[in-house]
Each structure stands twice: as structure tokens, then as C-alpha cells.
Amino acid sequence: MAFGVDLEDACAERAVTAAHTTLDAARGRKAYAAGLDEVWEAATSGRVELLVVEEHFRATVRAGEGHLIPAGDDDLDAVQDIVDDLVESVLEAGGEVQFVPDESLADGGRVAAALRY
């Protein structure tokens, strides 16, 4: 059993490393988005190839004029978990999603993406 857990951890670590490598390459070719608002805009236009999200990241927002506006949990017009919507949007457009440990995207605002173009 211990071998299986170690193997599982090693596979998860490789996936996280691969996600960060893909994001670094996307930065180099100017096909990178970071932060909720920027990634949301790319995801809703079908441009996200790989969405990378911290495991426990959740955000309540309202859609403003082309941008997301932070909102309180008691705001009835707000989307309670925009991250869920982002994941669905990326998957529906044929992109991939990778969850990474919390605090591993500190420079990306807890969510980042490698873009198709």
C-alpha cells in the first residue's frame, strides 16, 4: 500500500511540474494569462489550452462590463463559484485543467492559463 501512495504522490508531483513548465513556456511565447479576470476573459472566448488552478481557490464575483467584480456571498446577483464556471468553460472548449497545491500560483493570482493564441 505504501508503494501505491508514493507512486500516486510522484505522479501528482510530475503533473504539477508539467503544468508549471507549460505556463512558463506560454509566458515566453506571450500566450499566458493570470488572475481571475484575465483568465475568465480568455476562457469565455475559448482561448485556454491549459487552465491551472490552486486546489482550494474559490471566488464569488459579479460579471461587470467585460470584467469580473468581487462580490460578497450574500450578493444574490453574484456567481458563487466562478472557478467552477471557468473549469467547465475550458473543458467544453477542448482545453485541459490541472489543479495544483495552494500557494503554488502566488504570482498568478491563484489561477493561470496557457493560451492557444
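Residues numbered from 1 in each chain as written. Predicted model: local features only at pLDDT ≥ 70, side-chain atom pairs only at ≥ 80, totals over all residues. Heavy atoms only, no water.

## Re the packing of aromatic side chains
Next, step 1: The full count for this structure, using the stated rule, is 0 aromatic pairs.
Next, step 2: Sitting over the face of the ring of Y32, R27 holds its NZ or CZ atom 4.3 Å from the ring centroid.
Next, step 3: Its guanidinium or amino end placed over the ring of Y117, R47 lies 5.4 Å from that ring's centre, counting from NZ or CZ. (Phe/Tyr/Trp six-rings, centres within 6.5 Å; stacked < 30°, edge-to-face > 60°. Lys NZ or Arg CZ within 6 Å of the ring centre and 35° of its normal.)

## What about the pattern of salt bridges?
Next, step 1: Tallied over the full model, the rule gives 5 salt bridges.
Next, step 2: The partner of E49 in a salt bridge is R29, with the nearest N and O atoms 3.8 Å apart. A residue pair is termed long-range when its members are at least 10 positions apart, and E49 in strand β2 (residues 48–54) and R29 in the loop between α1 (2–28) and β1 (32–34) qualify at 20 residues.
Next, step 3: Assessed through its relative accessible area of 43%, R29 is described here as partly exposed. (Salt bridge = Lys/Arg side-chain N within 4 Å of Asp/Glu carboxyl O. Helix = DSSP H or I, 4+ residues; strand = E, 2+ residues; numbered from the N terminus. Buried < 20%, exposed > 50% of the residue type's maximum accessible area, 1.4 Å probe, protein only.)

## Looking at helix α2 (residues 36–44)
Next, step 1: Among all positions in α2, only L36, V39, W40, A42 and A43 are buried. Mapping the buried residues of α2 onto a view down its axis gives an arc of 165°, with all of them on the same face.
Next, step 2: The first or second residue beyond α2 is G46, which carries a positive phi of 75°. (Arc of directions from axis to C-beta.)

## Things to note about the packing of α2 against helix α3 (residues 82–92)
Next, step 1: Where α2 meets α3, the closest approach of the two axes is 9 Å, and the angle between their N-to-C directions is 35°. Read as a crossing pair, α2 and α3 show a hand that is left-handed. Counting all contacts with α2, which are made through L36, V39, W40, A43 and T44, the residues of α3 involved are I82, L86, S89 and V90.
Next, step 2: Here the contact of α2 with α3 is built from residues that sort into 7 nonpolar, 2 polar and no charged. (Axes fitted to C-alpha atoms, helices over the stretch in contact; angles between N-to-C directions. Left-handed = near helix turned anticlockwise from the far one by under 90°. Contact = heavy atoms within 4.5 Å. Nonpolar A, V, L, I, M, F, W, Y, C, P; charged D, E, K, R; others polar.)

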